[in-house]
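# Survey of secondary and tertiary structure
As a plain string of letters, each chain reads:
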Amino acid sequence: QVQLVESGGGLVQAGGSLRLSCAASGRTFGNYDMGWFRQAPGEEREFVAAITTSGGTTYYADSVKGRFTISRDNAKNTVYLQMNSRKPEDTAVYYCAAKSMAVRAITVAMSYAYWGQGTQVTVSS
């Protein structure tokens with residue numbers, strides 16, 4: 001089992017920055033690809049960003065490319081999502097997730113076996 005706890009959510013004005021953190025405990029953090037997803041009210045959960053076990057490869061949704069940066073610190077068992085140039089449409093609950101590196105489809109929610117409880121991010125215009 002892997003336990004994930006997100007933090008860092010809150011209210012930010014459009015154009016502002018925010019950094020989310022996700023602390024992992026349980027099995028070896030470095031064995032898992034990590035992803036961030038988000039879900040706005042009435043919408044499907046959507047992929048935001050992902051990073052491979054070593055941090056060597058990152059993936060981004062087109063809507064956040066160039067504005068968001070995912071990173072990880074395996075020594076601290078933590079993955080981060082730096083969000084810059086925030087837009088009102090970024091408002092959502094953000095979830096951290098972990099998947100086995102043996103499972104493909106890193107941008108697909110169903111690939112992830114472990115999820116955090118989510119943290120609310122609200123961007124005001």
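Residues numbered from 1 in each chain as written. Predicted model: local features only at pLDDT ≥ 70, side-chain atom pairs only at ≥ 80, totals over all residues. Heavy atoms only, no water.

### What to know about the overall build of the protein chain
On a plain count of helices and strands, the protein chain comes out with zero helices and 11 strands. Secondary structure elements of the protein chain, listed N to C terminal, follow the sequence β-β-β-β-β-β-β-β-β-β-β. Computed over the C-alpha atoms, the radius of gyration of the protein chain is 13 Å, within 12% of the 14 Å expected from 2.2 N^0.38 for a compact globule of 125 residues. By principal-axis analysis of the C-alpha atoms, the protein chain measures approximately 40 × 25 × 25 Å. Here the protein chain holds 125 residues, and 43% of them are scored as buried. Within the protein chain, contacts between residues separated by at least 24 positions form 58% of all contacts whose residues are at least 6 apart in sequence. Accessible surface computed for the protein chain: about 6200 Å², of which carbon and sulfur atoms make up 48%. One finds the centroid of the 12 positive side-chain charges in the protein chain at a distance of 7 Å from the centroid of its 9 negative side-chain charges. (Helix = DSSP H or I, 4+ residues; strand = E, 2+ residues; numbered from the N terminus. Rg over C-alpha atoms; globule rule 2.2 N^0.38 Å. Buried < 20%, exposed > 50% of the residue type's maximum accessible area, 1.4 Å probe, protein only. Contact = heavy atoms within 4.5 Å. Areas by Shrake-Rupley, 256 points an atom, 1.4 Å probe, with all protein chains shown as cover. Lys, Arg positive; Asp, Glu negative; His and termini not counted. Charge placed at Lys NZ, Arg CZ, Asp CG, Glu CD.)

### Some words on the nonpolar core
The tendency in soluble globular proteins is for nonpolar side chains to be buried side by side. Membership of the largest hydrophobic core comes to 34 residues, with the highest contact counts inside it found for L4, M34, W36, V79, L81 and Y94. Mapped by element, the contributors of at least two residues to this core are β1 (2-7), β3 (18-26), β4 (32-39), β5 (46-51), β7 (68-73), β8 (78-83), β9 (92-100) and β11 (119-124). (Core = buried A, V, L, I, M, F, W, Y, C linked by side-chain atoms within 4.5 Å.)

### Structural notes on the sheet that holds β3
For sheets, the rule is that strands pair by backbone hydrogen bonds, running either parallel or antiparallel. In spatial order, the strands read β1-β3-β8-β7; together these four strands make up an open sheet with antiparallel pairing. Looking at strand neighbours, the two that pair on one side only are β1 and β7, the edges of this open sheet. Strand-to-strand twist in this sheet, taken as the mean axis angle between neighbours without regard to direction, amounts to 15 degrees. Examined bridge by bridge, β1 and β3 share six bridges and lie antiparallel to one another. Across the sheet, the residue bridging to E6 is C22, located in β3. (Pairing = 2+ DSSP bridges. Axes fitted to C-alpha atoms, helices over the stretch in contact; angles between N-to-C directions.)

### Some remarks on the pairing of β11
For a regular strand, side chains alternate in direction, first toward one face of the sheet and then toward the other. Only one face of β11 is covered, namely the one carrying T119, V121 and V123; the face carrying Q120, T122 and S124 has none of its residues buried. Across three bridges, the pairing between β9 and β11 is antiparallel. Paired with A92 across the strands is V121, a residue of β11.

### Describing the pairing of β5
With respect to burial, β5 is a largely interior element, five of its six residues being buried. Where β4 lies against β5, five bridges are found, and the strand directions are antiparallel. Within β5, the residue paired with F37 across the bridge is F47. With three bridges connecting them, β5 and strand β6 (residues 58-60) associate as antiparallel partners. When the sheet's bridge partners are listed, A49 is paired in β6 with Y60. Counted between consecutive antiparallel strands, the loop separating β5 from β6 contains six residues, among which G55 sits at a positive phi close to 85 degrees.

### Some words on unusual backbone geometry
Its identity is not glycine, yet N77 carries a phi of approximately 55 degrees, on the positive side. Note on placement: N77 falls in the loop between β7 and β8. Unlike most non-glycine residues, S85 shows phi in positive territory, near 50 degrees. Mapping S85 onto the fold places it in the loop between β8 and β9.

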